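Descriptive structure summary
As a plain string of letters, each chain reads:
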Amino acid sequence: MPFKRLFGSNLWLFAEETGLSKENHVLDRNTNNLNETTNDIYFVQNVSMIYYNHIHLLEITRLNCLNQIYLEQIEIYLSSNNISSIDSTSLSGLTSLKILYLSLNEISSIDDGAFADLQSLKQLFLDNNKINSIDANLLSGLTSLESLYLDNNEISSIADGAFSDLGSLSTLLLYYNRISSINAKLLSGLTSLNTLRIDFNEISSIEDGAFSGLQSLETISLSSNNMLRIEDGAFSDLPFLRYIAIHSNKLTTVSDNIFDNVTDITDLSLIDNQLICCTMADFFEWRQNQNSDLNLITDCTDFNSTTDINSFNVSKCQIVGGWRSWVNSTCSVTCGNGILYRNRICDSPIPSAGGKDCEGSSEETLECSLNKCPVDGQWGAWSTGTCSVTCGNGTRYRNRRCDSPPSSNNGQDCIGSSTVYVKCNLGVCQAQCKGSGKKQESKRMKTRKWKRYQLRQLNGKSDP
């Protein structure tokens, strides 16, 4: 074997071909590869630290714990060990790492940030472990990741946005887990995803829009779950979708509406469901309009027999009419409360072969409520005010308020002034009686006036 020079005190190694006993050894700094399979190096104790910069390929088995690795290698193989947890520093500094194998261990706990330094990582193998949940920040920082293997674990919950940093991811494997539902945010951010496998889980429901952002998706497998139905539009607007596997579920019907705007499907597997032929009239019509190369694998049951779906004669079915979606008119007002009308057509499917027409009304009248209408302000009545005089001409002060009604909901305020002055006339002032209201004259004043009177008499003038 090429690894004959072993020294140091960090690694427990036992190599039969070298005749070494159980002693602490570490690899020579000139070692380029460490591969348990090809070099027969057998680990009998825990690895606490590997601290070398020249190893390009690292493969270790029968490892019981993983504390920290200081390497600049491109690939690390740590499969088939007994690793149970990965802390936040175990993989720190591995900025050049491209491939990391952690398959076939006992991993049940991974700290947030454990992969934060692996910006160059392309493939991450975490399959065949005991992981039960994926937290929102567990995979953050893996912006270059192209393949993520999480199959054969015990995953039952995945946080919203857990994959949001994985814009480069093309392959996501989640089969053989315990996932029970797929919500609308679970797969957000996976714009480059090409292959998605969520088969062999416990999925019973898929929210509207769960796959809507997967614009690069070509292959999806949802087989071997517990789905009773698939919502309309589940696979709509996925332009590159070619392979769909939904076999081994509990479906009784499949509508053409789940494939809106998807026209180039080449393989569709629906086997091992409980499909009833005559409930799928619109699906048969959709099938006729698809690419002639479509490989449709399933059968359905009706008229006490099971038939390959490709050869079933749908004209034998008594088809009960189904309503198309409601079409609404516009609201009768532009603001406030009004009325709208809506109608629908009985053509999804059209009743045939004696099937009943749709039940219910084709028209309805509903109340509609839009934003509150703007209200322009209006002036209230003028106040009377008082005249500035008690008789004759004066001025009167008058005011009014913008409160009948006040402006609201972005309506205009009142236009004009809130205050005016107007002329007022309280009639002719009455003349006062002589002496009335005058002060009593003093004796000195009376004496002066008497002297002036006598002087005028002497001069021949009379008092006016």
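As a reminder, the structure under discussion sits directly above these lines.
**Examining the state of the cysteines**
One pass over the structure, following the stated rule, counts eight disulfides. The disulfide that involves C277 links it to C300, with 2.0 Å between the sulfurs. Handedness of the C277-C300 disulfide follows from its S-S torsion of about 105°: it is right-handed. Note that C277 is positioned in the loop between strand 22 (267–269) and helix 2 (281–288) and C300 in strand 24 (residues 299–302), a separation of 23 residues in sequence. For the pair C277 and C300, one class covers both residues: buried. At a sulfur-sulfur separation of 1.9 Å, the disulfide partner of C335 is C373. With the S-S dihedral at roughly 100°, the linkage between C335 and C373 falls on the right-handed side. On the criterion of sequence distance, the pair formed by C335 in the loop between strand 26 (327–328) and strand 27 (337–343) and C373 in the loop between strand 28 (363–369) and strand 29 (393–399) is long-range, its members being 38 residues apart. Here C373 falls in the partly exposed class, since its relative accessible area comes to 28%.

**Some remarks on the packing of aromatic side chains**
Within a pair of aromatic rings, the relevant descriptors are the distance that separates the centres and the angle that separates the planes. Enumeration over the complete set of coordinates arrives at ten aromatic pairs. Their ring planes at 70° and their centres at 6.0 Å tell us that Y175 and Y176 sit as a pair that is edge-to-face. The exposure class assigned to Y175 is buried, which follows from its relative accessible area of 15%. A residue is classified by how much of its surface remains accessible, and Y176, at 41% relative accessible area, is partly exposed. Consider the rings of F283 and F284, whose centres lie 6.4 Å apart with planes at 70°: the pair is edge-to-face. Take F283 and F284: they sit in the same class, and that class is buried.

**Remarks on unusual backbone geometry**
Residues other than glycine predominantly adopt negative phi, and peptide bonds predominantly adopt the trans conformation. Each neighbour pair has its own omega, and for S404 with P405 the value is 5°, a cis peptide bond. Tracing the sequence through the fold places P405 in the loop between strand 29 and strand 30 (419–425). Positive phi is not limited to glycine here, since N152 has a value of about 60°. Of note, N152 is situated in the loop between strand 14 (147–149) and strand 15 (157–158). Given a relative accessible area of 27%, N152 falls into the partly exposed group. A positive phi angle is found at S248, which is not glycine, with a value near 60°. One can find S248 in the loop between strand 21 (243–245) and strand 22.

Cut-offs used in this document
Residue positions are given per chain, counting from 1 as you read along its sequence in written order. The predicted origin of the model limits local features to residues at a pLDDT of at least 70 and limits the giving and counting of side-chain atom pairs to 80 or more, whereas totals for whole chains, interfaces and linings rest on all residues. As a rule here, side-chain values cover all heavy atoms of the structure and leave hydrogens and water aside. Only a pair of cysteine sulfur atoms within 2.5 Å qualifies as a disulfide here. Numbering of helices and strands runs from the N terminus; a helix is a DSSP stretch of H or I covering at least four residues, while a strand is a stretch of E covering at least two. Remark: exposure states derive from per-residue accessible area (1.4 Å probe, protein chains only) relative to the maximum for the residue type, with buried under 20%, exposed over 50%, and partly exposed in between. Pairs were defined over the aromatic rings of Phe, Tyr and Trp, the Trp ring being its six-membered one, requiring ring centres within 6.5 Å. Orientation was assigned from the angle between planes: stacked under 30 degrees, edge-to-face over 60, tilted for the rest.

Limitation: the analysis is restricted to geometry and does not speak to function.
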